[in-house]
Amino acid sequence: MITDTTMTALHAALTGLQQRADVTADNIANVDTPGFLASRVSFESTLRNELANGQTPKVAQGSVDQSMDPTNTNGNNVNLDTETTIATETGLRYQLALNALDGKYSLLRSALRTS
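Residues numbered from 1 in each chain as written. Predicted model: local features only at pLDDT ≥ 70, side-chain atom pairs only at ≥ 80, totals over all residues. Heavy atoms only, no water.

Draft legend 1. Structural context of the packing of helix 1 (residues 5-29) against helix 3 (residues 80-114). Running from N to C, helix 1 and helix 3 point in directions that differ by 155 degrees, and their axes come no closer than 9 Å. Taken as axis vectors, helix 1 and helix 3 run roughly antiparallel relative to one another. As helix 1 packs across helix 3, the resulting crossing turns out to be left-handed. (Axes fitted to C-alpha atoms, helices over the stretch in contact; angles between N-to-C directions. Helix = DSSP H or I, 4+ residues; strand = E, 2+ residues; numbered from the N terminus. Parallel < 35°, antiparallel > 145°, perpendicular 65-115°, else oblique. Left-handed = near helix turned anticlockwise from the far one by under 90°.)

Draft legend 2. Region of the structure containing the environment of Asn99. Position of Asn99 relative to the elements: it lies in helix 3. Distance in space between the C-alpha atoms of Asn99 and Thr15 is 15 Å, their sequence separation being 84 residues.

Draft legend 3. Quick look at the nonpolar core. By size, the foremost hydrophobic cluster in this structure holds eight residues: Ala9, Ala12, Ala13, Leu17, Val23, Val41, Phe43 and Leu47. It is helix 1 that contributes the most residues to this core, five residues altogether. Not counting residues up to four positions away in its chain, the partners in contact with Phe43 are Ala13, Gly16, Leu17, Arg20 and Gly62. With five residues, the next largest nonpolar core counts Leu10, Leu14, Ala97 and Leu101 among its residues. (Core = buried A, V, L, I, M, F, W, Y, C linked by side-chain atoms within 4.5 Å. Buried < 20%, exposed > 50% of the residue type's maximum accessible area, 1.4 Å probe, protein only. Contact = heavy atoms within 4.5 Å.)

Next up, the structure:
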């Protein structure tokens, strides 16, 4: 398969964004669960550092940490507005990464057709 740093970086980003979408969905599903603490996924800084250091990004799961947001009276700290915003932003970023990957594959297809 033809790969380069850009394609690997996009794959790593898509993997991290999918994990964030899954964790956010879990947070939303537990919005009324007493004692449930929301989780957050971070992968961008690791990906950014790998690229800045000239490394080929590793496609791995991001780190999942519990949110330190204050809890309500039942010990739950899931805020539906926050989770909806995160879900929307994650979906948009995922679509952007897919579009970039599609553009990269389109360039490869064009190059292969003209060869």
